[in-house]
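Architecture at a glance
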Amino acid sequence: MELNKTVGKSISRLEGKLKVTGAAKYAAEYKVDDLLHGYVVSSPVTKGKITKIDTSRAMAIPGVIEVLSHENRPKLAWFDLQYMDMDAPPGTVFKPLYDENILYNGQPIALVVARDFETARYASAQIDFEFEEEIFQTCLEDNLDKARPAKKGFATALKPPPPPPTGEFETAFANAAVKVESEFQHGTEHHNPIELFATTTVYEGKGKLTIYDKTQGTINNQLFVANIFGLRYKNVRVLAPFVGGAFGSGLRPQYQLFLCVMAALHLKQNVRVVLDRKQMFSFSHRPPAIQKMRFASDMNGRLTALGHEVVAETSNFEDYTEPTASWSHRLYPAPNTLFKHKIVPLDVYTPMDMRAPGGSTALHAIECTMDELSYKLKIDPLELRLINYSDVDQASKKPYTSKALRECYLQAAEKFGWKDRNPEPRSMKRGNKLVGYGMATGIWDAYQFPARVQLMMNSDGLLVVNNATTDIGTGTLTVMTQIAADELGLSLENVDFRYGDSKKPFSMFQGGSAITSSTGVAIVVAARALRKKLLKKAAEMNSSPFKKAGDEDVFFESGNMHLKKDPAVMISLKDIIAFNKGIPIKTTNMGKPHMLKLRKYSLATHSASFVEVEVDQDVGTVTVTRAVTAVAAGKIINPKTARSQILGSMIWGVSKALHEETIMDAKLGKYMNANLGEYHIPVHADIGELDVIFADEKDELINELGTKGVGEIGLVGMPAAISNAIFHATGKRIYKLPIHFDELI
Amino acid sequence: MNNFGYKQAEDTREAISLIEHNETAKFVAGGTNLIDLWKYNIANPSQLIDINHLAELSEIKTLEHGGLRLGAGVKNADTAYHPVVEHQYPLLSKAILAGASAQIRNMASNGGNLLQRTRCYYFYDAEVPCNKRIPGSGCPAKDGYNRIHAILGTSEHCIAVFPSDMCVALAALDAVVNITGPTGNRSIAFADFHRLPDNRPDLDNNLKKDELITSIDLPEKGFAANYAYLKLRDRHSYAFALVSVATALELKGNTIEDVKIALGGVAHKPWRSTEAEEFLKGKAANAENFSIAADLILQGAKGFGYNEFKIKLAKKAIIRNGLMALNPESQLPGAQPSA
Ligand SMILES: Cc1cc2nc3c(=O)[nH]c(=O)nc-3n(C[C@H](O)[C@H](O)[C@H](O)COP(=O)(O)OP(=O)(O)OC[C@H]3O[C@@H](n4cnc5c(N)ncnc54)[C@H](O)[C@@H]3O)c2cc1C
């Protein structure tokens, strides 16, 4: 019976061919008749007021239809609440073209609409603005005196403030046998998916809109648009079947959506707005952060005190926070803890979740501090982790539903060859290169959101699966097809997963590595109901052998339903639908986390990363020559797409450790390298051999599928593993990311 | 980006007459730099004169008295992979291939490479002051984020770097730039082609507005036995040099008979020091002597905060590259330091 199962098999992504042949359409690529093009004008000023706008030169250019600014925009919802989206942090949501105030550099201050893109862009430079500039603050280090705890609100549920202190941290730390104290600095990073943010709005008339948008949440953006523009939910349809990466930047509606819809409604025409690469640096980003670490242990390496205090940037209008401070306690037991997370409001746009938000920043500091501690203790870094291993999440005092981190450590160490490491810094060499081995732990939440799925069995034997989720390139289409196929005993070709559409049953935005567990579980729940209905219908047939069969007495395979006790007795699903007069049999069901049961547990994925670096002994150039990451993330639905997720996130780790930084010039209050030539991410030459291991982790508690999500866990351990390897190679601890090679000379 | 006229020039004469009569016209070759500048509102030509089809610019040929002529219109990639260049001028080939990406090198022309503008962040942002863009407006780079900026030959008006890799090799090889213009033809020694910023940072080089580069001549001596190009940057490919070094040696045994060392990423032009090269002549090719030469090359080097590291890095790079030139095969691909 297991023979034809697809779950657990490596299956190439089903939309791969569409993508590599260019047939897959993205938000800015839909051919729409009579389309107008909008170009966003960005503020050159960081803070102040627009005192005058003269659009006469722009309006005189043939082909220019309208220039919208705060002076002439249509009237809009004015309650902050109506601008809220599902991911809005506490505060006042930024409202584009709301009034004359400028809150940050690059803020959209006008939209030029013209018959073609080039005219709109040209005209955007022909508008005369006058500004009254005000003094601004954009530098975290210079404004630490403004640090304060974040306000609480809607989004606090997913990002709770750090837990209160336990034990007597200060005394314990002061009197500890062995301790490490250090400060880590992380700079700003921008998501930079290759697909630019874009929206194509089709004006259908009668208050109806069809919107092709770049987003991670079709329903989130549908509600946002309907609320602000006073439209009925059912009249707003948001579509995003293909998303060219997003990494968190699409969790909130971005301003091009707002401007595009506003222009379409105002002009009663179809409008497209595409941001340019520079404008991709004018909204969300990973916030810069300063982390003060104080870890202590006894002489045997048992941790006695964990102190982790974070100060991070936010905007002057919303209190964005990342889950940072308490991760160490979720990994390691310690009787005395002190965790703090404060924010500093600056004249920038609100930061936003970026792949493994909080976790990747925090784990870098935590795991580098553990490495430093291991050197003070003269205990092998891996050994130190094992000494402090715990199956119970010490922050909540709850056991994990499953935790195969030990297996991750041991399997990755074995594969990597950790035992060959001479712990002495600068002791391993290869020609002109200093060789370093480093390791680190990763941990990430295993989320599940409620989701609804409709299943529909058709007369031709095709199972249609409907859900509003997107596929941001992770392989969602493929894994959902696999899950549904297995549940109904169908081949992949007989399943059609339809998604990326707000008209479909509910899905939260695609973030936090949650969608496989969310939509996937809903499919399992709906499949159960559909099987029941199919059985019931089959039992209605004349002299049906299924008359007395209960749910447990049948199984589904190769498009047929069989009796378990006599598999030769069967009926094809097509015949059941034919008996139903060809009318599809369908069901819509909700999948949700088993809150009551899961309240007693902690839910997380884990990983262990081992990295080798080579550092040139004269000029300091660093190469990550190889890395092994072992991941424990419950059941792996598709090892191939899952491996791609881990590889991609390991490369993000290399990027975070060695390359990525958005440079803020605090005197000018703006980012100076807002393009992909100067904002460095790794190229092929930067990536060595990468190896992925999935540790066997059976989790029968977490959900119906036993899945935990793999989008982010591959990243969290990497930056620290690389930093630790660099220390091992050179004897230098660099506390600031990215590490510049010249610091190693 | 403004509206503009476009014309394909039939021959160099037409190209010159078109540009002579239009103050705001521009030649376009590969367009890899010009179009970027245009999109950022830094260049705003009213007329494009396409020189891609000019036969006079499109050849690589050996010169009668020895040496090689590189047409200004020949693509960077075609130049780097040309058999004579690979064989006789491998330093040039290596330097070109260390630049940009394969796609960009396929488009970029030799003439355009000489005329590419600085990558200074502040120059590239039309909304902020920059003496190179708007003379007299100021230089925020001096006390801004200047990791990529110059340490040699700077002026109070400008600390921008000339970013080319190809030109570092051309400087080391003592190339000559051939030019045509309304008043006829002329040639400029490579060392005199690019300028230091002084009080006219708006001028990158000594080419006049209405002149066209037709070709670049390489002298016969190509230093094919002992050479190395080292490029140090923030990622292993597709990034501009923070420091690069082209070293060309002529050896007798281990004694240096002739030597050229040019630095990229440190100044407003490829940087050479006659004093250092004179010092090395007749000396043993070893780390000690390269170190003394490095100090001579870096005399007067001055950092501006974030780029302070370049002084130390350049010294290390000069020494290492000198040693790599003794054994060119030791170098790893991508102009990286040897294994
Ligand atoms: C992302 C990126 C990364 C890069 N990285 C590197 C790097 O690492 N190293 C490196 O060296 N370079 C690098 N480059 C720069 C690249 O080498 C140059 O853009 C290219 O050489 C310019 O040549 P082009 O033919 O495209 O010039 P164009 O853009 O066509 O022209 C540039 C200028 O030269 C003028 N011009 C062109 N030909 C002539 C002529 N014959 N006579 C007179 N005027 C002329 C034009 O009017 C224009 O002002 C990079 C470029 C980009 C975009």
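Within every chain, residues take consecutive numbers counted from 1 along the sequence as written. Going through the entries in the order they are written, you letter the chains from A and number the ligands from 1. In keeping with the model being predicted, local features are shown solely for residues with a pLDDT of at least 70 and side-chain atom pairs are shown and tallied solely at 80 or more, while totals for entire chains, interfaces and linings include all residues. Side-chain metrics rest on all non-hydrogen atoms present in the structure, leaving aside hydrogens and water.

What follows is about the pattern of salt bridges. If the charged atoms of two oppositely charged side chains come close together, the side chains can form a pair. One speaks of a salt bridge when a side-chain nitrogen belonging to Lys or Arg is within 4 Å of a carboxyl oxygen belonging to Asp or Glu. Evaluated as defined, the whole model comprises 56 salt bridges over all chains. With a shortest N-O distance of 3.0 Å, Lys 656 of chain A and Glu 189 of chain A are connected by a salt bridge. With Lys 656 of chain A in helix α16 (residues 639–658) and Glu 189 of chain A in the loop between β7 (178–186) and β8 (198–205), the pair connects residues that are 467 residues apart, well separated along the chain. Two residues, Arg 385 of chain A and Glu 367 of chain A, come together in a salt bridge whose shortest N-O distance is 2.8 Å. Pair noted here: Arg 385 of chain A is in helix α10 (residues 381–387) and Glu 367 of chain A is in helix α9 (residues 359–377), with a separation of 18 residues, a long-range link. Ionic contacts of the salt-bridge type, sharing partners, join the residues Lys 221, Glu 250, Asp 258, Glu 278 and Lys 281 of chain B into one network. In DSSP terms, a helix is any run of H or I states spanning at least four residues, a strand is any run of E spanning at least two, and both are numbered starting from the N terminus.

Below, the discussion takes up the UniProt feature "domain: FAD-binding PCMH-type" (unreviewed entry) in chain B. UniProt positions are given in the numbering used here, feature names are shortened, and annotations may be inferred rather than shown by experiment. Mapped onto this numbering, the UniProt entry gives "domain: FAD-binding PCMH-type" (unreviewed entry) at residues 1–223 of chain B. Counted over residues 1–223 of chain B, helix gives 27% and strand 17%. Its end C-alpha atoms are 45 Å apart.

The subject of this paragraph is the nonpolar core. Side chains of a nonpolar character, in soluble globular proteins, are inclined to be buried together. Here, nonpolar core means buried Ala, Val, Leu, Ile, Met, Phe, Trp, Tyr and Cys residues that are tied together by side-chain atoms lying within 4.5 Å of each other. Throughout, exposure labels follow a simple rule: accessible area from a 1.4 Å probe, protein chains only, divided by the maximum for the residue type, with under 20% read as buried, over 50% as exposed, and the rest as partly exposed. Phe 610, Val 611, Val 613, Leu 658 and Ile 722 of chain A together with Leu 263 of chain B are the most contacted members of the largest nonpolar core, which has 160 residues in total. Residue contacts follow a heavy-atom distance rule, with two residues in contact if any of their heavy atoms lie within 4.5 Å. Once residues within four sequence positions are removed from consideration, Val 611 of chain A is found in contact with Phe 416, Gly 436, Tyr 437, Gly 438, Val 624, Arg 626, Ala 627, Met 718, Ala 721, Ile 722 and Ala 725 of chain A. Core analysis: the second largest hydrophobic core is formed by 52 residues, Ala 80, Leu 173, Tyr 227 and Ala 248 of chain B among them.

This part is about the site of the ligand. Residues and elements named next belong to chain B. Whether a residue is near a molecule or strand depends on its heavy atoms: it is near if one of them lies within 4 Å of it. The local shell around the ligand holds 34 residues, among which Phe 27, Gly 31, Thr 32, Ser 109 and Asp 165 are the closest. What qualifies as a polar contact is a pair of N or O atoms within 3.5 Å, subject to a donor-acceptor requirement within protein and to the restriction that residues adjacent in sequence count only when both atoms come from side chains. The contact in question runs from an oxygen atom of the ligand to an N or O atom on the side chain of Thr 32, over 2.7 Å. Asn 33 is positioned with one of its backbone polar atoms (N or O) 2.9 Å from an oxygen atom of the ligand. Coverage of the ligand by the protein chains reaches 94% of its 970 Å² of free accessible surface. At the level of secondary structure, the elements contributing two or more residues to the shell around the ligand comprise β2 (25–28), α2 (34–39), α7 (110–115) and β8 (212–218). A per-element tally of the shell around the ligand places α7 first, with 4 residues. Each residue is assigned to one of three groups, with Ala, Val, Leu, Ile, Met, Phe, Trp, Tyr, Cys and Pro labelled nonpolar, Asp, Glu, Lys and Arg labelled charged, and all others, Gly among them, labelled polar. Across the shell around the ligand, the residue classes break down as 16 nonpolar, 12 polar and 6 charged. The residues that make up the shell around the ligand include at least three from each of domain 1 (5–50) and domain 2 (226–329). Surface accessibility in these figures is a Shrake-Rupley result with a 1.4 Å probe; residues are shielded only by whichever protein chains are displayed. Where a domain begins and ends is set by an automatic assignment or by a domain database.

Another point: helix α7 (residues 255–267) of chain A. Over its 13 residues, α7 of chain A runs 18 Å from end to end, which matches the ideal 18 Å to within 8%, given 1.5 Å per residue. Two residues or fewer after α7 of chain A comes Lys 268 of chain A, characterised by a positive phi angle close to 55°. Between the first and last residue of a helix there are one fewer steps than residues, each counted as 1.5 Å, and that sum is the expected span.

This next bit is on the sheet that holds strand β13 (residues 303–315) of chain A. Residue and element names in this part refer to chain A. Reading across from one edge, β14-β13-β12-β7-β31 is the order of the 5 strands in this open sheet, with mixed pairing throughout. Taken across any chain shown, the strands that pair with only one partner, and hence form the sheet edges, are β14 (336–346) and β31 (736–737). Here, strands pair whenever DSSP counts at least two bridges between them. Relative to β13, strand β12 (residues 289–297) runs antiparallel, the two being bridged by 9 bridges. Each bridged residue has a counterpart across the sheet, and for Ile 290 the counterpart in β13 is Val 311. The strands touched by α9 within the sheet are β7, β12, β13 and β31, with β7 carrying the most contacts at an inclination of about 150°. Inter-axis angles, ranging from 0 to 180 degrees, are taken between N-to-C directions of lines fitted to C-alpha atoms, where helices are fitted over the stretch in contact.

Across the contact, 37 residues belong to chain B and 37 residues belong to chain A. Interface of chain B and chain A: buried area, both sides summed, is about 3300 Å²; carbon and sulfur atoms make up 57% of it. On the surface where chain B and chain A come into contact, there are 14 residue pairs in polar contact (both at pLDDT 80 or more). Of all the secondary structure elements, the ones that give two or more residues to the side of chain B that touches chain A are α8 (121–124) and α13 (309–325) of chain B. Residue contributions to the side of chain B that touches chain A peak at 6 residues, all from α13 of chain B. Grouping the amino acids of the side of chain B that touches chain A by side-chain chemistry returns 17 nonpolar, 8 polar and 12 charged. The quantity reported as buried area is the accessible area (1.4 Å probe) lost by two parts once they are put together, taken as the sum for both.

Residue and element names in this part refer to chain A. Within 6.5 Å between ring centres, the rings of Phe, Tyr and Trp (the latter by its six-membered ring) count as paired, and their orientation is classed by plane angle as stacked under 30 degrees, edge-to-face over 60, tilted in between. Throughout the structure, instances matching the rule amount to 33 aromatic pairs over all chains. Look at Phe 169 and Phe 173: their rings are 5.7 Å apart centre to centre, the planes differ by 15°, and that puts the pair in the stacked class. In this pair, Phe 169 and Phe 173 both sit in helix α5 (residues 169–174), 4 residues apart, roughly one turn of the helix. Relative to Phe 727, the ring of Tyr 375 has its centre 4.9 Å away and its plane inclined at 80°; by these criteria the two rings are edge-to-face. Of this pair, Tyr 375 sits in helix α9 while Phe 727 sits in helix α18 (residues 718–730); the two residues are 352 residues apart in sequence, bridging distant segments of the chain. Assessed through its relative accessible area of 21%, Tyr 375 is described here as partly exposed. These aromatic residues form a ring-pair network of at least three members: Phe 94, Tyr 104, Phe 317 and Tyr 349. Here, a charge over a ring is recorded when the distance from Lys NZ or Arg CZ to the ring centre is within 6 Å and its angle to the ring normal is within 35 degrees. The ring of Phe 173 has Arg 294 sitting right over it, with the charged end atom 5.6 Å from the ring centre.

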